[in-house]
Amino acid sequence: MAFTIPDRLVPPLLRAARFNHVFISEENAAEHVANMAARPAAYGPPSWFRDDVTVVAGRRAGWPIYRIAPKEREPRGCVVYAHGGGWVNEIHAEHWRLIGAIAARAGVTVVVPIYPLIPFGTADVVIGEMVDLVRECRAEFGTVLLAGDSAGGQISLSTALELRDRHDETLPLTTLISPALDLSWSNPEIPEVQPDDPWLARPGGQYFSEIWRGDLPVTDQRVSPVMGDLRGLGRLLVYAGTYDILAPDARLLIQRARDARVEFDFYEAAGQVHVYPFIPTSTGRKARRTLIDRLGGVCRGEPG
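Small disclaimer: the values here were computed from a predicted structure and weren't measured. (Residues numbered from 1 in each chain as written. Predicted model: local features only at pLDDT ≥ 70, side-chain atom pairs only at ≥ 80, totals over all residues. Heavy atoms only, no water.)

Participant: Quick question: what am I supposed to make of empty space enclosed by the protein here?
Facilitator: The method is simple in principle: a probe with the dimensions of a water molecule rolls over the atoms, and the space it marks as empty is what remains. If you walk through the whole model with that rule in mind, you get one cavity of 30 Å³ or more. Roughly 30 Å³ of volume is contained in the largest cavity. Lining the largest cavity, in full, are Ala160, Arg164, Glu169, Thr170, Leu171, Gly232, Leu233 and Gly234. Per-class residue counts for the lining of the largest cavity are three nonpolar, three polar and two charged. (1 Å grid on protein atoms, 1.4 Å probe; cavity = no way out; pocket = protein on both sides within 12 Å on 5 of 7 lines; lining within 4 Å. Points joined across faces, edges and corners; volume = space filled by probe spheres on them. Nonpolar A, V, L, I, M, F, W, Y, C, P; charged D, E, K, R; others polar.)

This is the structure:
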């Protein structure tokens, strides 16, 4: 039986581990950017990666690109997954764990771009390349979905908006796990949530965001997708925890989706932290099951 952490223990454990260290001050954030640039982390699937999937590595436009597919059945459809990490941290083992589970259990090919991080990567270049990657996957696989967590959620939703505007293409589903949506970090509810959040804080988040946006205004939908016009998007599947300072913007996204007549499913979990579907709690596992089931169902053409 898999190890399960009681939900109530997650916030104090994260505080004890100082998960918010790089976010609590601009100085810490700047030091982290410099460290990550000087000592890049490994990004490939871990050595213990599951054996019921195939892993194919390639390159596109200078980016490493991984394709993860189920071994035992012919995959149907494709999910392009953008990992989170504040635009500064490389893809992590927990991302690979979820990606492997999506491929094996949903029966899809998961395409994982290893996009350039700050200070070298910026929103305009990355979103543009993501649009091209998704279009190539759509031509190859037919059905293609976008998914991402945290910073990767921003990348995914911005890409969906740009696909609609540049190419008049609508994806059937975009899945967002605790997405960053407004990189001005100006939502008035953030200070109310901050005392409960053991992971994120505004000073570091703003510092990372300023580098990521490059020359684009913070209001550009390639930077802050919640500020874009949502009309004409496909369905959104959104997860947020109430102990996450990004949750107020997730609620704003849902309100704007409702106003734009965009279909959505919103799972806001009380007492849960940032990217809670990754955490080995009973709530996290339930969220992962719903997410994987939905991705597989859409790729198989099942009704929402």
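Participant: Which parts of the structure should I look at to understand the environment of glycine 142?
Facilitator: Within the secondary structure, glycine 142 is located in the loop between helix H4 (123–141) and strand E5 (144–149). Residue classification places glycine 142 among the partly exposed residues on the basis of a relative accessible area of 43%. Taking the C-alpha atoms as reference, glycine 142 lies 15 Å from glycine 297; in sequence the two are 155 residues apart. (Helix = DSSP H or I, 4+ residues; strand = E, 2+ residues; numbered from the N terminus. Buried < 20%, exposed > 50% of the residue type's maximum accessible area, 1.4 Å probe, protein only.)

Participant: I would appreciate a short explanation of the layout of surface pockets in the present structure.
Facilitator: When its volume is computed, the largest pocket comes out at roughly 860 Å³. What lines the largest pocket is a set of 36 residues, and nearest its centre among them are Phe19, Asn89, His92, His95 and Trp199. Elements with a minimum of two residues in the lining of the largest pocket: helix H1 (10–16), helix H2 (26–38), helix H3 (93–106) and helix H7 (202–213). The greatest single-element share of the lining of the largest pocket, amounting to three residues, is contributed by H1. Along the lines of polarity and charge, the residues of the lining of the largest pocket split into 23 nonpolar, ten polar and three charged. Considering only enclosed or pocket space, the second largest pocket measures out at about 320 Å³ in volume. Those elements that place two or more of their residues in the lining of the second largest pocket are H3 and helix H9 (282–299). Take the lining of the second largest pocket: its biggest share by element is six residues, from H3. Among the residues making up the lining of the second largest pocket, the classes are represented as ten nonpolar, no polar and seven charged.

Participant: What's the story with the pattern of salt bridges in this structure? I'm lost.
Facilitator: Any two side chains of opposite charge can pair if their charged atoms end up close together. Applying the stated criterion across every chain yields a total of 18 salt bridges. Across the salt bridge formed by aspartate 52 and arginine 50, the nearest N and O atoms sit 2.7 Å from each other. Under the relative-accessibility criterion, aspartate 52 is labelled partly exposed at 27%. Note that aspartate 265 is salt-bridged to arginine 294, the shortest N-O span being 2.6 Å. Residue aspartate 265 is found in strand E8 (residues 264–269), and its partner arginine 294 is found in helix H9; the two are separated by 29 residues along the sequence. Just as aspartate 265 is buried, arginine 294 falls in that class too. Where salt bridges share partners, they join Arg235, Glu263, Asp265 and Arg294 into one cluster. (Salt bridge = Lys/Arg side-chain N within 4 Å of Asp/Glu carboxyl O.)

The quantities given are spatial measurements derived from coordinates; they are silent on function.
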